[in-house]
Amino acid sequence: MSGIYIHIPFCKQACYYCDFHFSVSLKRKEEMIKAIGMELQLRKDELKNNVETIYFGGGTPSLLTIDELQFLIDIVYQNYKVIEDPEITLEANPDDLTEEKIKELAATKINRLSIGVQSFFDDDLQFMNRVHNAKEAKGSLLMAMYHFDNITIDLIYGVPKMTNEKWRNNLNIAFEMDVPHISSYALTVENRTALANFIRKGKYPALDEDLAQQHFKILVEESRKHHFIQYEISNFGKEGYFSKHNTSYWQGRNYLGIGPSAHSYDGISRSWNVSNNARYIKSIQQNKLPQEIEILTINDRFNETIMTGLRTIWGISLQKIENDFGPDIKNELIENAQEYLKNKILKIKDGKLLITEKGKFLADGIAADLFIVN
Amino acid sequence: MKNIRNFSIIAHIDHGKSTLADRLLELTNTITNREKQDQLLDTMDLERERGITIKSHAVQMEYTYKGEVYILNLIDTPGHVDFSYEVSRSIAACEGALLIVDAAQSIQAQTISNLYLALENDLEIIPILNKVDLPSANPEEVTDDIVDLLGCDPEEIIHASGKTGFGVEEILEAIIERIPAPKGDVNAPLQALIFDSVYNSYRGVETYFRVFNGDIKKGQHIKFVATGNDYFADEVGTLKLNQIPRKSIKAGDVGYLITGIKTASEIKVGDTITDADNPTKNMVEGFEDVKPMVFAGIYPVDTEDYEELRSSMEKLKLNDASLVFVPESSAALGFGFRCGFLGMLHLEIIQERLEREFDMTVITTVPNVSYHAFTNKKPNEIILVNNPSDLPEPSTLNRVEEPFIKASIITKSEFVGPVMSLCIEKRGEITHQTYLTTERVELNFDMPLSEIVFDFYDRLKTVSKGYASFDYHPIGLRESKLVRVDILLNGQLVDALSALLHTDNAYGIGKKICEKLRKLIPRQQFDIPIQAAIGAKIIARETIKALRKDVTAKCYGGDITRKRKLLEKQKKGKKRMRQVGNVQIPQQAFMAVLKLND
Ligand SMILES: Nc1nc2c(ncn2[C@@H]2O[C@H](COP(=O)(O)OP(=O)(O)OP(=O)(O)O)[C@@H](O)[C@H]2O)c(=O)[nH]1
Ligand code: SF4
Ligand SMILES: [Mg+2]
């Protein structure tokens, strides 16, 4: 099973917290689409297995016209073996999702929408410099729910001045609209973002970790009440609505990343395209992949397995660890986990090492402790 | 002998000694083009990386002048105050010295202190105005400064640039013309001074010497006067870029000796070598032993590595005889060593060498100087306090004496105010203020040595915007009021964090230590109180809040590698921490008190 990720590096304006790769100038959009199409062709032999998921991410893929999206979907189908009923996701921003656009999208092979709602409140949206407002967020979501079955929304918590009450309201609006999947993240200060700069200058308040932690707790509790399963730290889905594409990242499956800044993984090495639109286009036009590659060592692969495994409900299969890395490594892992097992921060169930409710907030530090480094 | 010249290159730090040495080596064809590299004599990795000289380095050159071949023995010396003993050793082997002065920076603190060392040994001084190629060079004014300092004629000062090679021929000429040839009697009994020793893992200890009388021959039965040990000279030779074995080294010349000695401590630098059967009556006047100025505990991060640390330290000592250490133990850290260092740079270098050369990750505890304590019971008996835990109970304490230094600071007149405030804050007492020019002032202070250990250099740099140079020498002990401030983490005393402080500073510094530790100790899954205490009395308190959220939200395709690397780094950091009770303490927290104002 394999996936294809297609990065669309354009946005209408920059959200203050965002460190993804995108440009706010749409001048070279056409050239970019062509180049992405060419890269898809250039790399058609890289995937050994059938394509089961396709994901348009960004940036803002909903900025593309239906024709442009159709053009790329067609290229995928012409060059890759796609299974009967693939999961095809499009990330979309509420301001792009007019009724007409949603209908057009529903007529393509795209069968899943990931809507960048972030919040249903105007002051939060303004704080983050999102293009859309609360009304558009609700309106587009209602409309999308009408035409698509498989929908996920992004929600951000831990935003300064967002009370627990307001965060609950955010969640409740989503529950009332009956969205089947939520990806929810704490607002994070990434280097070289406007947000980081504002905080440094004192224009914005520093983020409050305690607040984020309370919100996370509310998120876990409330979503459970509404029959969501937290299948990954930040991902909550109803039965049958888990993201297949993202799950493949956490389960170490192969994927092809197309477009500037996109990452690929073939089981042995990770590679990534240059994060620069002009350089990307130039290189692809010369039939060259603008790539850097890193071959993973055994330790790297072990550490990644631990890191991603701990974040999901599937945990870390001890049998798989033994198969892939040998019995000594498996024993070392169990040995290193002892203290956490004793404190009920980790548990072993059905041959899987899992994080408990208590440990979820601390997953990174725990993963680091279980790493093998030299 | 009349064609030998022995000289050292001395200067303030970074004024260009080693670079000028490069040019001398090139012009005399001592090195080939292929061997050329910047600061060639700085052979240690650490020297090359930091761009400073740590150890003196002797090398022999040949130069033909007016049809005659001369042997020039050059010794490049370090400029940093911690290593000034290297300068005094080198000087003892020479008749002359090149005094290098940076044409932009003019005379600085070590220019003066190293000059005095040379003058005490009656060396002929050749003043060199270096780096004249710099756009910021100020030759007229600096010439005046030098004339003022040396009382020489302006014409005696050679203008040069180690960078461009300008003036280097003139320097060689001056070395031959102005520095006297060595005097001595080749037929007298052997009398040679050991001025350095270097450890080589294949050849054992190499001894560098200067022959004053007689000669030293391969195979000769020799004796070291001070230690009384006798050896056979397995190999003698001259120090070119590589060692060149010779049959003998005669009076006036410099050379190396290999005797099969395996431990550096067996050799006392400053000792006299003589013939075992026909000994000289006179020892060469040597120099004082190097005395450690700063003491700190060194412990392995992993208690199991104690034996390995011991053997690493012993090996280090083989080529750094100024390092001294004795075993000690700490309730918090287990077994380790109390070590004496020449200064804070020396301490840093030892710690770094242990890491690189021996792969030993160590914890260095709060450094302190060496105090003398006296109890009421025996008010005349010195108790040496090299470790905070050595300080007797306050109730039994009669008095404490702490080492003082005479500090010399040269700075621009505009910074006199801030520099003075700093020194007074550091319990200094001004003794002299001399205007070297209208712009530049030399300030002298009597100051407790302990104050320069704590955060002095960095602050001096800050208050003077980098325009201050500093030099010091010890002037004995004075009575003082001292207390031990203990630190408790999670209610448990961590002896390795205790510090000896002057009573007047104890509250303020205790509070700052707590604040600093709060920032340095990573949050853990529970609250950690930090307290500073004098005896049973708590004088400051901080809390490290428990870590409750430690998970990054997103982890998709591109995040995986980045996040893995981040966590791997975190894990490596943890490996370097020391667990005391249930608190993980990072290596640098133990030195935190040194940088309280960051
Ligand atoms: N422009 C210029 N720079 C120079 C000259 N001589 C040395 N430098 C630079 O000054 C710096 C210090 O030079 P070194 O030769 O290492 O100085 P040093 O006196 O040996 O330093 P220590 O041994 O650490 O006391 C280096 O960056 C050199 O490149 C010169 O004549 N002109
Ligand atoms: S729309 Fe998405 S990709 Fe674009 S700036 Fe905002 S968060 Fe970033
Ligand atoms: Mg040097």
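As the structure is a prediction and not an experimental result, all values here were calculated from the model.

**Student:** Just checking my understanding: could you explain the overall build of chain A for this structure?
**Tutor:** Helices and strands together make up the secondary structure of chain A, namely 14 helices and 15 strands. Compactness check: chain A gives a C-alpha radius of gyration of 21 Å against a globular reference of 21 Å for 374 residues, within 12% of the reference. Its C-alpha atoms put chain A at 55 × 50 × 45 Å along the principal axes. By the burial criterion, 43% of the 374 residues in chain A qualify as buried.

**Student:** Where do I start with the overall build of chain B in this structure?
**Tutor:** A tally of regular secondary structure across chain B gives 13 helices and 33 strands. Against the globule reference of 25 Å for 598 residues, chain B gives a C-alpha radius of gyration of 27 Å, in line with a compact fold. Across its three principal directions, the C-alpha atoms of chain B cover 80 × 70 × 55 Å. A burial count over chain B gives 47% of its 598 residues as buried. Within chain B, contacts between residues at least 6 apart in sequence are counted, and of these 70% link residues at least 24 apart.

**Student:** What is the right way to look at the domain arrangement of chain A in this model?
**Tutor:** Where the parts come together, the accessible area they lose is often given as the size of the interface. Residues and elements named next belong to chain A. Here the domain parsing of chain A yields domain 1 (2–249) and domain 2 (298–370). Centre-to-centre separation of domain 1 and domain 2, based on C-alpha positions: 29 Å. Taken residue by residue, the interface counts 6 residues in domain 1 and 6 residues in domain 2. Within the residue set of the side of domain 1 that touches domain 2, elements represented by two or more residues are α8 (209–225) and β7 (229–232). Considering every element that reaches the side of domain 1 that touches domain 2, the biggest residue donor is β7, with 3 residues. Of the residues assigned to the side of domain 1 that touches domain 2, the class counts are 4 nonpolar, 1 polar and 1 charged.

**Student:** Explain the sheet that holds strand β18 (residues 324–330) of chain B here, please?
**Tutor:** Within a beta sheet, neighbouring strands are joined by backbone hydrogen bonds and run either parallel or antiparallel to one another. Residues and elements named next belong to chain B. Ordered in space as β18-β19-β17-β20, the 4 strands form an open sheet in which the pairing is antiparallel. Of all the strands in the sheet, just β18 and β20 (362–364) have a single pairing partner and so form its edges. On average, each strand axis in the sheet is tilted by 30° relative to the strand beside it, whichever way the strands run. Direction of pairing for strand β17 (residues 294–300) relative to strand β19 (residues 334–341): antiparallel, over a ladder of 5 bridges. Pairing of A296 across the sheet is with C339, part of β19. Contacts from helix α8 (residues 344–358) reach β17, β19 and β20, with the element oriented near 165° to β20.

**Student:** It is not clear to me how the sheet that holds strand β7 (residues 191–200) of chain B should be interpreted in this structure. Could you clarify?
**Tutor:** All names here are of chain B. Read across the open sheet, the 8 strands follow the order β11-β10-β16-β7-β8-β15-β12-β13; overall the sheet is antiparallel. Only two strands of the sheet have a single neighbouring strand rather than two, namely β11 (230–232) and β13 (243–246). Taking each pair of neighbouring strands and ignoring which way they run, the sheet shows an average axis angle of 40°. With 4 bridges connecting them, strand β12 (residues 235–239) and β13 associate as antiparallel partners. Looking across to β13, one finds that T238 is bridged to I244.

**Student:** Before we go on, may I ask you to explain the site of ligand 1 in this structure?
**Tutor:** Residue and element names in this part refer to chain B. In the vicinity of ligand 1 lie 21 residues, with G16, S18, I52, T53 and G79 positioned nearest. Examining the composition of the shell around ligand 1, we find that 3 residues originate from one element, helix α1 (residues 17–27), more than from any other. For the shell around ligand 1, the per-class residue count stands at 5 nonpolar, 11 polar and 5 charged.

**Student:** Looking at this structure, how should I read the pairing of strand β5 (residues 124–130) of chain B?
**Tutor:** In summary, the side chains of a regular strand alternate between the two faces of the sheet. Residue and element names in this part refer to chain B. The buried count for β5 comes to 6 of 7 residues, which makes it a mostly enclosed element. On the question of chirality, the crossover connecting strand β4 (residues 96–102) to the parallel β5 by way of helix α4 (residues 109–120) is right-handed. Sheet topology note: the β5/strand β6 (residues 158–159) ladder contains 2 bridges and is parallel. Directly across from I128, in β6, lies its bridge partner I158.

**Student:** Could you clarify how one ought to interpret the packing of helix α1 (residues 29–42) of chain A against helix α10 (residues 277–285) of chain A in this entry?
**Tutor:** The geometry of a pair of packed helices is captured by two quantities: the angle between their axes and the separation between those axes. All names here are of chain A. Here α1 crosses α10 at 50°, and the two axes come no closer than 9 Å. By the criterion of interaxial angle, the relationship of α1 to α10 is oblique. For the pair α1 and α10, the crossing hand works out as left-handed. Between α1 and α10, the contacting residues are E31, M32, A35, M38 and E39 on the first element and N277, Y280, I281, I284 and Q285 on the second.

**Student:** Would you mind going over the interface of chain A and chain B with me for this structure?
**Tutor:** Contact residues are listed per partner, giving 36 residues for chain A and 21 residues for chain B. Of all the elements in the fold, those that place two or more residues in the side of chain A that touches chain B are β6 (181–186), α8, α9 (244–250), β9 (254–258), β11 (269–273), α11 (298–310) and α14 (363–370) of chain A. Of all the elements, α14 of chain A adds the most residues to the side of chain A that touches chain B, at 6 residues.

**Student:** I'm lost on the environment of P522 of chain B in this one. Help?
**Tutor:** Residues and elements named next belong to chain B. On the secondary structure map, P522 appears in the loop between α12 (503–520) and β30 (528–534). A sequence separation of 23 residues divides P522 from K545, and the C-alpha atoms of the two residues are 9.5 Å apart. The residues touching P522, leaving out its near neighbours within four places in the chain, are Q584 and P586.

**Student:** Looking at this structure, I do not really get the nonpolar core. What am I missing?
**Tutor:** The nonpolar side chains of a soluble globular protein tend to be buried with one another. Within the largest apolar cluster, 163 residues are counted, with the highest numbers of intra-cluster contacts made by A97 and L99 of chain B. Considering each element in turn, this core owes the most residues, 6 residues, to strand β23 (residues 397–412) of chain B. Setting aside its immediate chain neighbours within four residues, A97 of chain B contacts F7, S8, I10, I91, A118, L123 and I125 of chain B. By size, the runner-up hydrophobic cluster in this structure holds 90 residues, among which are I4, L64, A212 and A368 of chain A.

**Student:** Is there a simple way to explain the packing of helix α12 (residues 318–325) of chain A against helix α13 (residues 327–342) of chain A in this structure?
**Tutor:** Residues and elements named next belong to chain A. Where α12 meets α13, the axes come as close as 7 Å, and the angle between the chain directions of the two elements is 140°. By the angle between their axes, α12 is oblique relative to α13. Each of L318, I321, E322 and F325 in α12 lies in contact with α13, whose residues at this interface are P327, I329, K330 and L333. Taken together, the residues of the contact of α12 with α13 sort by class into 6 nonpolar, no polar and 2 charged.

**Student:** What exactly am I supposed to notice about the pairing of β9 of chain A here?
**Tutor:** Residues and elements named next belong to chain A. β9 sits mainly inside the fold: 4 of its 5 residues count as buried. For strand β1 (residues 2–8) and β9, the ladder comprises 5 bridges, and the chain directions are parallel. The residue of β9 that forms the bridge with I4 is L256.

**Student:** What should I look at first to understand helix α6 (residues 164–177) of chain A in this one?
**Tutor:** For an α-helix, 3.6 residues make a turn, and residues three or four places apart therefore share a direction. All names here are of chain A. An ideal rise of 1.5 Å per residue puts 20 Å on 14 residues; α6 measures up with 20 Å between its terminal C-alpha atoms. For α6, the set of buried residues is W167, N170, L171, I173 and A174. Mapping the buried residues of α6 onto a view down its axis gives an arc of 150°, with all of them on the same face. Exposed side chains of α6 directed beyond 90 degrees from the buried face belong to E165 and E176. Turning to α6, the residues buried within the fold contact β5 (150–157), β6 and α8.

**Student:** What is the right way to read the environment of I345 of chain A from this model?
**Tutor:** Residue and element names in this part refer to chain A. Summarising the element assignment, I345 is placed in the loop between α13 and β14 (346–349). It is 6.2 Å that separates the C-alpha atoms of I345 and I355, two residues lying 10 residues apart in sequence. With sequence-adjacent residues up to four places away left out, I345 is seen in contact with Y340, T356, K358, G359, L362 and I366.

**Student:** Just to check I follow, could you spell out unusual backbone geometry for this structure?
**Tutor:** Backbone geometry follows two general trends: most residues other than glycine have a negative phi, and most peptide bonds adopt the trans configuration. Residue and element names in this part refer to chain A. Cis peptide bonds are those with omega within 30 degrees of zero, and the linkage from G58 to G59 qualifies with 20°. Here G59 shows up in the loop between β2 (51–58) and α2 (66–79). One non-glycine residue, H227, adopts positive backbone phi at about 65°. With respect to the element layout, H227 can be found in the loop between α8 and β7.

Parameters and conventions
- Residues numbered from 1 in each chain as written.
- Chains lettered and ligands numbered in written order.
- Predicted model: local features only at pLDDT ≥ 70, side-chain atom pairs only at ≥ 80, totals over all residues.
- Helix = DSSP H or I, 4+ residues; strand = E, 2+ residues; numbered from the N terminus.
- Rg over C-alpha atoms; globule rule 2.2 N^0.38 Å.
- Buried ≥ 20, exposed ≤ 12 C-beta atoms within 10 Å, placed from the backbone.
- Contact = placed C-beta atoms within 7 Å.
- Domains from an automatic or database assignment.
- Nonpolar A, V, L, I, M, F, W, Y, C, P; charged D, E, K, R; others polar.
- Pairing = 2+ DSSP bridges.
- Axes fitted to C-alpha atoms, helices over the stretch in contact; angles between N-to-C directions.
- Near = placed C-beta within 6 Å.
- Right-handed = clockwise from strand over helix to strand, strands pointing away.
- Parallel < 35°, antiparallel > 145°, perpendicular 65-115°, else oblique.
- Left-handed = near helix turned anticlockwise from the far one by under 90°.
- Core = buried A, V, L, I, M, F, W, Y, C linked by C-beta atoms within 7 Å.
- Expected span 1.5 Å × (residues − 1).
- Arc of directions from axis to C-beta.

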